[in-house]
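# Examining the three-dimensional arrangement
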Amino acid sequence: QVHLVESGGGLVQPGGSLSLSCTASGLPFSFDTYIMNWYRQAPGKQREFVARISRDGLKSYADSVKGRFTISRDNYQRSLYLHMDTLKLEDTAKYYCKAGEHTNYWGQGTQVTVSS
């Protein structure tokens with residue numbers, strides 16, 4: 001059974017930083033073969049793409065987070081990370097880790113709240 005477990009969410013002031021982690025287990029194939037993704041969903045809004053990292057380490061970001069967020073991975077630890085700087089109120093959302101592109105391998109999410 002696939003498990004993706006996110007951690008690291010919390011309450012942070014605008015302009016602050018936060019780092020999220022996601023650890024995978026039970027994937028059908030080796031972790032390093034998967035494109036790994038972060039998505040987020042704010043209350044009343046659809047889930048949206050945040051960042052993606054390929055098997056080879058190529059990264060892509062949503063325009064709204066480009067220059068502020070950094071995605072990384074540790075294949076040995078089967079882990080995915082998202083470091084978030086200069087957080088804004090509109091970054092408040094539940095953040096989800098997803099393994100693969102055309103899969104249904106999602107974590108349960110971790111809440112990030114940006115508030116003064």
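Up top you'll find the structure we're talking about.
Below you will find a few notes about this structure. Just so we're clear, the structure is a prediction, and the values are computed from it rather than from any experiment. (Residues numbered from 1 in each chain as written. Predicted model: local features only at pLDDT ≥ 70, side-chain atom pairs only at ≥ 80, totals over all residues. Heavy atoms only, no water.)

## Remarks on the nonpolar core
Ranked by size, the top nonpolar core spans 30 residues in total, and within it Trp-38, Leu-82, Met-84 and Tyr-95 carry the most contacts. Elements with a contribution of two residues or more to this core: strand E3 (18-25), strand E4 (36-41), strand E5 (48-53), strand E7 (69-74), strand E8 (79-84), strand E9 (93-99) and strand E11 (110-114). (Core = buried A, V, L, I, M, F, W, Y, C linked by side-chain atoms within 4.5 Å. Buried < 20%, exposed > 50% of the residue type's maximum accessible area, 1.4 Å probe, protein only. Helix = DSSP H or I, 4+ residues; strand = E, 2+ residues; numbered from the N terminus.)

## Side note on the side chain of Arg-68
Residue position: Arg-68 is located in the loop between strand E6 (59-61) and E7. A polar contact of 2.8 Å, which involves the side chain of Arg-68, links it to the backbone oxygen of Ser-64. Residues in contact with Arg-68, not counting those within four places in the same chain, are His-83, Met-84, Asp-85, Thr-86, Leu-87, Lys-88 and Asp-91. (Polar contact = N/O pair within 3.5 Å; in protein donor to acceptor, adjacent residues only side chain to side chain. Contact = heavy atoms within 4.5 Å.)

## Observations concerning unusual backbone geometry
The backbone of Arg-78 sits at a positive phi, close to 55 degrees, despite the residue not being glycine. The residue Arg-78 is located in the loop between E7 and E8 in this model. Owing to a relative accessible area of 41%, Arg-78 belongs among the partly exposed residues under this scheme. Positive phi, normally seen in glycine, also occurs at Thr-86, with a value near 45 degrees. Following the sequence through the fold, Thr-86 ends up in the loop between E8 and E9.

## A closer look at the layout of surface pockets
There is about 180 Å³ of room inside the largest pocket. Along the wall of the largest pocket there are 14 residues; nearest its centre are Arg-40, Ala-42, Lys-45, Glu-48 and Glu-90. Taken together, the residues of the lining of the largest pocket sort by class into three nonpolar, four polar and seven charged. (1 Å grid on protein atoms, 1.4 Å probe; cavity = no way out; pocket = protein on both sides within 12 Å on 5 of 7 lines; lining within 4 Å. Points joined across faces, edges and corners; volume = space filled by probe spheres on them. Nonpolar A, V, L, I, M, F, W, Y, C, P; charged D, E, K, R; others polar.)

## Observations concerning the pattern of salt bridges
Taken as a whole and judged by the stated rule, the model has four salt bridges. With a shortest N-O distance of 2.6 Å, Glu-48 and Arg-40 are connected by a salt bridge. Glu-48 gets classed as partly exposed once you look at its relative accessible area, which sits at 36%. In this structure, Arg-68 engages Asp-91 in a salt bridge whose closest nitrogen and oxygen atoms are separated by 2.7 Å. Taken together, the residues span a long stretch of sequence, with Arg-68 in the loop between E6 and E7 and Asp-91 in the loop between E8 and E9 at a distance of 23 residues. Comparing Arg-68 with Asp-91 shows no difference in burial state: the two are buried. A single network of salt bridges, built from pairs that share partners, joins Arg-40, Glu-48, Arg-68 and Asp-91. (Salt bridge = Lys/Arg side-chain N within 4 Å of Asp/Glu carboxyl O.)

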